[in-house]
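The lines below spell out each chain.
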Amino acid sequence: MARERLYLFDTTLRDGAQTNGVDFTLADKLAIAGMLDELGIDYVEGGYPGANPTDTELFAKDRKFDTIFTAFGMTRRPGRSASNDPGLALLLDAKADAICFVAKAWDYHVRVALETTEEENLASIRDSVKAAKAKGREVLLDCEHFFDGYKANPTYALACAKAAYDEDARWVVLCDTNGGTLPHEVATIVAEVCKLIPGDHVGIHAHNDTEQAVANSFAAVRAGARQIQGTLNGLGERCGNANLVSIIPTLKLKPEFSSTFDIGVSDAALKKLAQVSHALDERLNRGSNRHAPYVGASAFATKAGIHASAIAKDPATYEHVAPETVGNKRKVLVSEQAGKSNILAELERIGIAADKNDPRIGRLLEIVKERETIGYAYEAADASFEMLARRTLGTVPNYFDVTQFDVNVEQRNNAKGERVTVCMAVVKVKIGDEKMISAAEGNGPVNALDRALRKDLGKYQKYIDGLKLTDFRVRILNGGTEAVTRVLIESEDENGDRWTTIGVSPNIIDASFQALMDSIIYKLVKSGAPA
Ligand SMILES: [Zn+2]
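Residues numbered from 1 in each chain as written. Predicted model: local features only at pLDDT ≥ 70, side-chain atom pairs only at ≥ 80, totals over all residues. Heavy atoms only, no water.

Q: What am I meant to see in the coordination of the zinc ion here?
A: Around a metal, the perfect tetrahedron of four donors has angles of 109.5 degrees, and the perfect octahedron of six donors has angles of 90 or 180 degrees. Donor atoms from the polypeptide that coordinate the zinc ion comprise Asp15 (OD), His205 (NE2) and His207 (NE2), at 2.0 to 2.2 Å from the metal. Every donor residue of the zinc ion comes from the same chain, spaced as D-x189-H-x1-H. Here Asp15 is found in the loop between β2 (7-10) and α1 (26-39), whereas its partner His207 is found in the loop between β8 (202-206) and α9 (213-222), with 192 residues between them in sequence. Residue classification places Asp15 among the buried residues on the basis of a relative accessible area of 5%. (Donors = N, O, S within 2.8 Å, 3.2 Å for Na, K, Ca; no water. Helix = DSSP H or I, 4+ residues; strand = E, 2+ residues; numbered from the N terminus. Buried < 20%, exposed > 50% of the residue type's maximum accessible area, 1.4 Å probe, protein only.)

Here it is in structure tokens:
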């Protein structure tokens, strides 16, 4: 039997941007949209053109995505015509493949919040859908507070949804805006809607206020809906939106859904899911939830004991899905033997040949454990792990030594009498018998140090010319006076290869120096620079 198509709609960049403490830049939005596109998400809602400069700029750009890039905005304002509404005009002019309108579907909100009549609200829905269709856009209608509206006045809530469908909106999306609806209610109400509007035109937009946004999304699908809206890592206002990172593997791996539905995410893309989830956290500069279903570091971690020995015999005994299917890894904690096999697996993954009986493997494991207790996170710093492993196994040449460095931060008045902070770094390097000294200024101490360090590496300079730092993230661990600083540096080379290095120290300059050095040496090793 042919499987039915189920569509995924991501609103990380719009609803997810409402999260406390989240403020996406244009570069963030483009990078995240790119990840979603690669993942195979059908619709990516980029934002609300006209609502803020970032979104306006985003929708002024040409893009090359396969995903249906969607702009969000309001239906025409009550009392105005569609052609005489500046907000609507901006939305219609945005470079978007689809437009997702939001409209009230609860009679109470129409009267009290919108201060208009029920009929005018329906007319606004019809006119807006018509105007966007005329512009050649695919159209979606988010029915705000649909479930509460339905409970209060089912006839009116359905009339709002039907108004959009009758004007050929591709999707009518039922929103549980305050997140208070329970799965059995969602099932009942969606089934009623699907009697009036075919399910392959009905979507669900669930919020997580009772921690059932994912369950509500599945309840809606089982009742007939064929589009799920959600966000990466469940980002979103208050308790968040439905988490696509949990929804996607469930759809792909659980026969209940996988035997019935096809989604745009391929098996190969699914293997990148953990990486995508962590990349978003990195971009937001926040720690990943270790206990996140499917993708968390602990999602397939088992403490030693009977479980671990059973897992060693047959992983299926304790795992509901295979961790590799979602790009995660099995972890068995504590046990020395299991730790060693994790290290060996990691070495194999990065292409370092190692013998499991080599005593240096045990030493490497000890160093990793020791360092992770003081704040290193090698999972997030692939290149630093590789450098540590190569050093422990004795395969990193001693290219150069930094014999001394000095970073100076000075605040003073400049010639114009303005207060300025100037940073300057001096680095002394020994390459073989040759001693060199480089100085550089920077907009901050780390920037100055980086410039001085990479200014002149003598015979190695040509290998690092294409190296640049693309991201620098600082996190203070365990707070208070005992605080330790963790620095993660992302670097890129002339081939577009990217890697991350780490440094940990009570001193931010020292932590940064470690990460910078790892990055440079990684690049030299990678380029096959001769010792
Ligand atoms: Zn929402």
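Q: How do you make sense of the pattern of salt bridges when you look at a structure like this?
A: Side chains bearing opposite charge may pair, as long as their charged atoms lie close to each other. By the definition in use, this model includes 36 salt bridges. The closest approach of N and O atoms between Asp127 and Arg76, which form a salt bridge, is 2.9 Å. Taken together, the residues span a long stretch of sequence, with Asp127 in helix α5 (residues 118-134) and Arg76 in the loop between β4 (68-74) and α3 (86-93) at a distance of 51 residues. Its relative accessible area of 26% is what places Asp127 among the partly exposed residues. The exposure class of Arg76 is buried, given its relative accessible area of 4%. Its salt-bridge partner being Asp267, residue Lys252 comes within 2.8 Å of it at the nearest N-O pair. One end of the pair, Lys252, is in helix α10 (residues 244-253); the other, Asp267, is in helix α12 (residues 267-270), and 15 residues separate them in sequence. According to the relative accessible area criterion, Asp267 is exposed, its value standing at 54%. (Salt bridge = Lys/Arg side-chain N within 4 Å of Asp/Glu carboxyl O.)

Q: Which parts of the structure should I look at to understand the sheet that holds strand β14 (residues 419-431)?
A: Paired through backbone hydrogen bonds, the strands of a sheet run either parallel or antiparallel to each other. Pairing in this open sheet of 3 strands is antiparallel, and the strands run β13-β14-β15 from one edge to the other. Lying at the two open borders of the sheet, with one neighbouring strand each, are β13 (401-413) and β15 (434-442). Direction aside, the axes of adjacent strands within the sheet are offset by 15° on average. Of the strand pairs in this sheet, β13 and β14 are connected by 12 bridges, and their pairing is antiparallel. Looking at β14, one finds that Glu410 is bridged to Val422. (Pairing = 2+ DSSP bridges. Axes fitted to C-alpha atoms, helices over the stretch in contact; angles between N-to-C directions.)

Q: Help me out: how do you make sense of the nonpolar core in this one?
A: It is characteristic of soluble globular proteins that their nonpolar side chains tend to be buried jointly. Among the nonpolar cores identified, the biggest contains 89 residues, and Leu8, Phe146, Ile228, Ile248 and Leu251 are the most heavily contacted of them. The biggest single contributor to this core is helix α7 (residues 154-166), with 7 residues. Ignoring any residue separated from it by four or fewer positions in sequence, one finds Phe146 in contact with Ala105, Ala157, Leu158, Ala161, Leu174, Cys175, Ile189 and Val193. Core analysis: the second largest hydrophobic core is formed by 36 residues, Phe400, Trp499, Met517 and Ile520 among them. (Core = buried A, V, L, I, M, F, W, Y, C linked by side-chain atoms within 4.5 Å. Contact = heavy atoms within 4.5 Å.)

Q: Even after reading the chapter, I still don't get α5, so can you show me in this structure?
A: Note that an α-helix has 3.6 residues per turn; residues three or four places apart therefore point the same way. For α5, spanning 17 residues, the distance from its first C-alpha to its last is 25 Å, which sits close to the expected 24 Å at 1.5 Å a residue. Of the residues making up α5, those classed as buried are Glu120, Asn121, Leu122, Ala123, Ser124, Ile125, Ser128, Val129, Ala131 and Ala132. On its buried face, α5 is in contact with α3, β5 (98-104), α4 (107-112), β6 (138-144) and α7. Of the residues flanking the end of α5, it is Gly136, one or two places downstream, whose phi is positive at about 80°. (Expected span 1.5 Å × (residues − 1).)

Q: Where do I start with the packing of aromatic side chains in this structure?
A: The relative placement of two aromatic rings is captured by the distance of their centres and the angle of their planes. With the rule as written, the count across this model stands at 14 aromatic pairs. Measuring from ring centre to ring centre gives 5.2 Å for Phe59 and Phe69, while their planes differ by 40°; the resulting arrangement is tilted. Of the two residues, Phe59 is situated in the loop between α2 (53-58) and β4 and Phe69 in strand β4; the sequence distance between them amounts to 10 residues. Note on accessibility: Phe59 and Phe69 belong to one class, buried. Both rings, one in Phe65 and one in Phe69, keep their centres 5.8 Å apart while their planes meet at 45°; by these two values the pair is tilted. Here a set of aromatic residues connected by ring pairs shows up, and it is made of Phe59, Phe65 and Phe69. The lysine or arginine in question, Arg14, covers the ring of Phe72, its NZ or CZ lying 3.7 Å from the ring centre. (Phe/Tyr/Trp six-rings, centres within 6.5 Å; stacked < 30°, edge-to-face > 60°. Lys NZ or Arg CZ within 6 Å of the ring centre and 35° of its normal.)

Q: Would you mind going over the packing of helix α18 (residues 445-455) against helix α20 (residues 508-526) with me for this structure?
A: Angle between the axes and distance between the axes are the two parameters that describe a pair of packed helices. Two numbers describe how α18 lies on α20: the axes approach to 10 Å, and their chain directions differ by 35°. For the pair α18 and α20, the crossing hand works out as right-handed. Contact with α18, carried on its side by Pro445, Val446, Leu449, Asp450, Leu453 and Arg454, involves Ile509, Ser512, Phe513, Leu516, Met517 and Ile520 of α20 and no other residues of that element. For the contact of α18 with α20, the residue count by class is 9 nonpolar, 1 polar and 2 charged. (Left-handed = near helix turned anticlockwise from the far one by under 90°. Nonpolar A, V, L, I, M, F, W, Y, C, P; charged D, E, K, R; others polar.)

Q: I would appreciate a short explanation of unusual backbone geometry in the present structure.
A: Glycine aside, a negative phi is what most residues show, and trans is what most peptide bonds show. Despite not being glycine, Glu115 has its phi angle at roughly 50°, a positive value. By secondary structure assignment, the location of Glu115 is in the loop between α4 and α5. Residue class for Glu115 comes out exposed when judged on its relative accessible area of 67%. Backbone geometry at Asn233 places phi at a positive 60°, although glycine is not the residue there. Within the element layout of this structure, Asn233 appears in the loop between β9 (227-230) and α10.

Q: I tried to follow the packing of helix α16 (residues 359-373) against helix α17 (residues 382-392) on my own but got confused; where do I start?
A: Remark: α16 packs on α17, axes separated minimally by 9 Å, with the N-to-C direction vectors making an angle of 140°. One way to sum up the angle between α16 and α17 is to call them oblique. Remark: the crossing between α16 and α17 carries right-handed chirality. Taking contact as the criterion, the partners of Arg360, Arg363, Leu364, Ile367, Val368 and Arg371 in α16 are, on α17, Phe385, Leu388, Ala389 and Thr392. Of the residues in the contact of α16 with α17, the class split is 6 nonpolar, 1 polar and 3 charged. (Parallel < 35°, antiparallel > 145°, perpendicular 65-115°, else oblique.)

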